[in-house]
Amino acid sequence: MRLNEYLSERQKLINEELDRYLPGEEEFPNILHKAMRHSVFAGGKRIRPILVMAGAESVGKDKELVLPTACAFEFIHTYSLIHDDLPAMDDDDLRRGQPTCHKVYGEAVAILAGDALLTRAFEVISANLSVPGVSAAAVARVVSIAAQGSGCAGMVGGQVADMEAEGKPADKDNMVYIHNHKTGALFRAALCAGAVLAGAGDSEVAALDKYGQYFGLAFQITDDILDVEGEAKILGKPVGSDEKNAKATYPALYGLEMSYRMAEENVAKAVDSLRHFTVKAEPLRQLARFLLTRSY
Ligand code: GRG
C-alpha cells in the first residue's frame, strides 16, 4: 500500500461527500452556507474522516458504509477551528494560509457557521441509518461517541483546560490532559465510530480507542515539533533555540530530541494496539508511522 496514494484517494472521496452533505451557497441564507463552505473547503487534511473509514475497514467492512459519519467528523473538526480562530479565542486572521471565517464573514456569522456545522454533523450521523447494513443501535451509539468526543468530556473540555493554563507555569500532567482532550478525543471518537458502525466487537473498539489515544499524542508532539521548526525557519533561528514557554508544548518541556523520541514511543504503542488486527489495519499502522516523517 502506498500511503500517499491512499491519502489522496480518500481526500478526494471525502471532498465529494462533504459537498453532497452541505447546503449549496445559492440556498438561503446564502451568507451562512458560504461561510460553512469557506471553512470546510479551505484545504484540510481530512484526517478524522480518514480515521472513521479506516476504523471500519480495519474490521473488514467497506468505507462506503461509514461515509456520512466520516463527513460528520470533518464538520465537527471544522466548527472547532472556526471557533478557535475567533477574537475571543486565538484571534487568528489566517488558517491554512487563507483568511479565517470571521475575517471574511464577520464574527457573528462565523459563530453561527460553527454552530451550524456542529449540528449538521449530528444530522448527517443520523443519515448513516439509511446506509444498508448499519443498525439503528450502532447509529445511536455513534451519536453518543461523537458527542462525548467533542463536548465537555472531550474536545471542548480540552480547549477550556488549555485556556485556563495560559500564562501559568507549564505542567506536564496538565499538558497531557489538554492534548488527550483537545486533540486526541476526536481522533478516538472517529476511529470508534467507524468500528461501531461496522459492527466491531468490544475488544476491537477498545483496541482502536487505544490506538487513537497514542496516535493523538504522537500527532500533537509532531505538531509541536513542526511548529518549532517552522518558526525557526521563518525567524532564522537555529532549531531548538526558542523557549516557547508561553504555551506548554513538548519541545518547550522536553527539548526537540526527547520530544521526537516520545513521538516514536507513542507511534510504537499505537501500532502495537493493533497487534490482533489483520492486514486490513495496515493503513492505520502506516498512518501512525507517517506522523514521524510528516512535514505538514
Ligand atoms: C473551539 C471547541 C473548540 C475547540 C478547538 C481543534 C481545536 C480545539 C483547536 C485548534 C488549535 C490546535 C492547534 C489544536 C491542536 C491540533 C490540531 C487539532 C490541529 C489541527 O488539526 P489538523 O492538522 O487540521 O487535522 P487540518 O487543517 O488538516 O484540518
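The structure displayed is predicted, hence computed values, not measured ones.

Asker: Can you break down the overall build of the chain residue by residue, with the values?
Answerer: Along the backbone of the chain there are 13 helices and two strands. The C-alpha radius of gyration computed for the chain amounts to 19 Å, which stays within 12% of the reference 19 Å derived for 296 residues, consistent with globular compactness. Principal-axis analysis of the C-alpha atoms places the extent of the chain at approximately 55 × 50 × 35 Å. Across the 296 residues that make up the chain, the buried fraction comes to 44%. If you take every contact in the chain between residues at least 6 apart in sequence, the share linking residues at least 24 apart comes to 70%.

Asker: So what's going on with the site of the ligand? Residues and values would help.
Answerer: In the vicinity of the ligand lie 15 residues, with Gly44, Lys45, Ser80, His83 and Gln159 positioned nearest. Listing elements by their share of the shell around the ligand, those giving two or more residues are helix 4 (67-85), helix 8 (155-165) and helix 9 (172-197). When residues of the shell around the ligand are assigned to their parent elements, the largest contribution, five residues, is made by helix 4. In terms of residue class, the shell around the ligand is made up of four nonpolar, six polar and five charged.

Asker: How would you explain the environment of Leu3 if you had to name every residue and give the values?
Answerer: Within the fold, Leu3 resides in helix 1 (residues 3-21). Spatially, the C-alpha atom of Leu3 lies 19 Å from that of Val59, the residues being 56 residues apart in sequence. In contact with Leu3, not counting residues within four places along its chain, are Gln286 and Phe290.

Asker: Residues and numbers for the packing of helix 7 (residues 136-150) against helix 9, please.
Answerer: As a packed pair, helix 7 and helix 9 sit with axes 8 Å apart at the nearest point and diverge in direction by 175°. Between helix 7 and helix 9, the angle is such that the two are roughly antiparallel. Contact residues: helix 7 offers Ala138, Arg141, Val142, Ile145, Ala146, Gln148, Gly149 and Ser150, while helix 9 offers Ala185, Leu186, Arg188, Ala189, Cys192, Ala193, Val196 and Leu197. Partitioned by chemical class, the residues of the contact of helix 7 with helix 9 number eleven nonpolar, three polar and two charged.

Asker: Could you give an account of the confidence of the model for the chain, naming the residues involved and the relevant values?
Answerer: Per-residue confidence for the chain gives a mean pLDDT of 95; residues scoring 70 or more make up 95%. In this model residues 238-245 is a low-confidence stretch, pLDDT under 50, and it forms 18 contacts with partners more than four residues away in sequence or in other chains. Predicted complex, confidence summary: ipTM 0.91, pTM 0.95.

Asker: Lay out the environment of Gly154 with the relevant residues and their values.
Answerer: Examined against the element boundaries, Gly154 turns out to sit in the loop between helix 7 and helix 8. Judged by local crowding, Gly154 falls into the buried class, with 23 C-beta atoms found within 10 Å. It is 25 Å that separates the C-alpha atoms of Gly154 and Leu94, two residues lying 60 residues apart in sequence.

Asker: I'd like a description of the nonpolar core, backed by residues and values.
Answerer: Core analysis: the largest hydrophobic core is formed by 78 residues, its most contacted members being Ala113, Ala193, Ala195, Val196, Leu197 and Ala218. Counting residues per element, this core draws most heavily on helix 10 (residues 202-235), at twelve residues. Excluding residues that lie within four positions of it along the chain, Val196 makes contacts with Ala138, Arg141, Val142, Ile145 and Val205.

Asker: Describe the environment of Asp84, and please don't skip the residues or the numbers.
Answerer: Structurally, Asp84 can be placed in helix 4. Each C-alpha atom, one on Asp84 and one on Gly114, is 9.9 Å from the other, the two residues being 30 residues apart in sequence. Once residues lying within four places of it in the same chain are set aside, the contact partners of Asp84 are Met89 and Asp90.

Asker: Explain unusual backbone geometry to me, using residue names and the numbers behind them.
Answerer: Geometrically, the link from Phe28 to Pro29 is a cis peptide bond, its omega value of -5° lying close to zero. Along the chain, Pro29 falls in the loop between helix 1 and helix 2 (30-40). In this structure, Arg46 takes a positive phi of about 65° despite not being glycine. In this fold, Arg46 is placed in the loop between helix 2 and helix 3 (47-58). Residue classification places Arg46 among the buried positions, given that 22 C-beta atoms sit within 10 Å. Here the phi dihedral of Asp91 falls at roughly 55°; this positive angle occurs in a residue that is not glycine. Among the secondary structure elements, Asp91 is positioned in the loop between helix 4 and strand 1 (94-95).

Asker: Explain the packing of helix 8 against helix 9 to me, using residue names and the numbers behind them.
Answerer: Where helix 8 meets helix 9, the closest approach of the two axes is 7 Å, and the angle between their N-to-C directions is 145°. You can see that helix 8 and helix 9 cross each other, and the crossing is left-handed. Between helix 8 and helix 9, the residues in contact are Met155, Gly157, Gly158, Gln159, Ala161, Asp162 and Ala165 and Asn174, Tyr177, Ile178, His181, Lys182, Ala185 and Leu186, respectively.

Rules behind the numbers
- Residues numbered from 1 in each chain as written.
- Predicted model: local features only at pLDDT ≥ 70, side-chain atom pairs only at ≥ 80, totals over all residues.
- Helix = DSSP H or I, 4+ residues; strand = E, 2+ residues; numbered from the N terminus.
- Rg over C-alpha atoms; globule rule 2.2 N^0.38 Å.
- Buried ≥ 20, exposed ≤ 12 C-beta atoms within 10 Å, placed from the backbone.
- Contact = placed C-beta atoms within 7 Å.
- Near = placed C-beta within 6 Å.
- Nonpolar A, V, L, I, M, F, W, Y, C, P; charged D, E, K, R; others polar.
- Axes fitted to C-alpha atoms, helices over the stretch in contact; angles between N-to-C directions.
- Parallel < 35°, antiparallel > 145°, perpendicular 65-115°, else oblique.
- pLDDT = per-residue confidence, 0-100.
- Core = buried A, V, L, I, M, F, W, Y, C linked by C-beta atoms within 7 Å.
- Left-handed = near helix turned anticlockwise from the far one by under 90°.

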